[in-house]
Amino acid sequence: MPTTKVLSSTSPVRVESNDGAYRLVASRKVAAGATILRIDGIVQSYPSRYSVQVGPDEHIERPSTITAEEEERLYQWRFLNHSCAPNAALVGRDLRALRPIGRGEEITFDYLTNEFDMASPFRCGCGSPECVGEVRGFRHATRSLRRMLAPRAAPHVLELAKRHRLA
Ligand SMILES: [Zn+2]
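About the criteria used
- Residues numbered from 1 in each chain as written.
- Predicted model: local features only at pLDDT ≥ 70, side-chain atom pairs only at ≥ 80, totals over all residues.
- Heavy atoms only, no water.
- Donors = N, O, S within 2.8 Å, 3.2 Å for Na, K, Ca; no water.
- Tetrahedral: all angles 85-135°; square planar, octahedral: opposite > 155°, others 65-115°.
- Buried < 20%, exposed > 50% of the residue type's maximum accessible area, 1.4 Å probe, protein only.
- Pairing = 2+ DSSP bridges.
- Helix = DSSP H or I, 4+ residues; strand = E, 2+ residues; numbered from the N terminus.
- Salt bridge = Lys/Arg side-chain N within 4 Å of Asp/Glu carboxyl O.
- Core = buried A, V, L, I, M, F, W, Y, C linked by side-chain atoms within 4.5 Å.
- Contact = heavy atoms within 4.5 Å.

1. Examining the coordination of the zinc ion
The textbook angles at a metal center are 109.5 degrees for a tetrahedron of four donors and 90 or 180 degrees for an octahedron of six.
Inference 1: Looking at the zinc ion, the protein donor atoms are Cys84 (SG), Cys124 (SG), Cys126 (SG) and Cys131 (SG), and they sit 2.3 to 2.4 Å from it.
Inference 2: Viewed at the metal, the four donor atoms of the zinc ion are separated by angles of 105 to 112°, and the geometry they form is tetrahedral.
Inference 3: On the primary sequence, the residues serving as donors to the zinc ion are separated as C-x39-C-x1-C-x4-C.
Inference 4: Under the relative-accessibility criterion, Cys131 is labelled partly exposed at 29%.

Shown next, in the form of structure tokens:
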């Protein structure tokens, strides 16, 4: 059975776990365009497994000394899963709803729109018709996929693509 934890009465999200797999779920309805959470933590210059890239050389990571309880309460973003057909997107450090999100719905974003070169690539199993398969970062996407992603990609990703002369 899945276990759920309510993080705080004001938070629109909760962490759910099922057999060791975590996901972030809306604990109430979220309007399109609403800010769901903010990516806060330690800034480091390199990507790691759960870090989120917010600038060309800026990756947000959790402090290494936190407890599991603190992680679920303060660093909810670490439990966000990738989807190739996401319902949320990062604007700077704010995670915003791309469309209305129903209570109980999993919240996802497209890692390829903010991660340039990921530390822990994986095979996506999102099941959407748009699924790209291997998720390694914008840098490793095919040219046609990069073109599709470009309108939604974060400014730092496009800046890095330019620096690496990716057409
Ligand atoms: Zn996918």
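2. Re the pairing of strand β3 (residues 21-26)
Inference 1: Note: strand β2 (residues 13-18) against β3, six bridges, orientation antiparallel. When the bridges of β3 are listed, Val15 appears paired with Leu24.
Inference 2: Hairpin geometry of β2 and β3 is characterised by an intervening segment of two residues between the two adjacent antiparallel strands and by a positive phi of about 55° at Asp19.

3. Thoughts on the pattern of salt bridges
Inference 1: The tally for this structure, following the rule as stated, stands at 16 salt bridges.
Inference 2: Here Asp40 makes a salt bridge to Arg93, at a shortest N to O gap of 3.5 Å. With a gap of 53 residues between them, Asp40 in the loop between β4 (35-38) and β5 (42-44) and Arg93 in the loop between β9 (88-91) and β10 (94-97) connect regions that are remote in the sequence.
Inference 3: When the shortest N-O distance is used, the salt bridge between Arg73 and Glu69 registers 2.6 Å. Here Arg73 pairs with Glu69, and both are found in helix α1 (residues 68-74), just four residues apart, close to one helical turn.
Inference 4: A single salt-bridge network, built from bridges that share partners, covers Arg38, Asp40, Arg93, Asp94 and Arg96.

4. Description of unusual backbone geometry
Inference 1: Even without a glycine there, the phi angle at Asp19 is positive, about 55°.
Inference 2: As for its position among the elements, Asp19 is in the loop between β2 and β3.
Inference 3: Asp19 gets classed as exposed once you look at its relative accessible area, which sits at 82%.
Inference 4: Of note in the backbone geometry, Arg165 takes a positive phi value of approximately 55° without being a glycine.
Inference 5: With respect to the helices and strands, Arg165 occurs in the segment after α3 (155-163).

5. Considerations on the nonpolar core
Inference 1: Membership of the largest hydrophobic core comes to 37 residues, with the highest contact counts inside it found for Ile36, Leu37, Trp77, Leu95 and Ile107.
Inference 2: Counting residues per element, the ones that place at least two in this core are β2, β3, β4, β6 (52-55), β9, β10, α2 (143-149) and α3.
Inference 3: Considering each element in turn, this core owes the most residues, three residues, to α3.
Inference 4: Not counting chain neighbours up to four residues away, the residues in contact with Leu37 comprise Val13, Leu24, Gln76, Trp77, Arg93, Asp94 and Leu95.

6. A word on the environment of Leu160
Inference 1: Checked against the element boundaries, Leu160 lands in helix α3.
Inference 2: Judged by its relative accessible area of 6%, Leu160 is buried.
Inference 3: In sequence terms Leu160 and Ser64 are 96 residues apart; their C-alpha atoms lie 28 Å from each other.
Inference 4: Beyond its immediate stretch of four places on either side in the chain, Leu160 contacts Gln53, Pro56 and Phe116.

The quantities given are spatial measurements derived from coordinates; they are silent on function.
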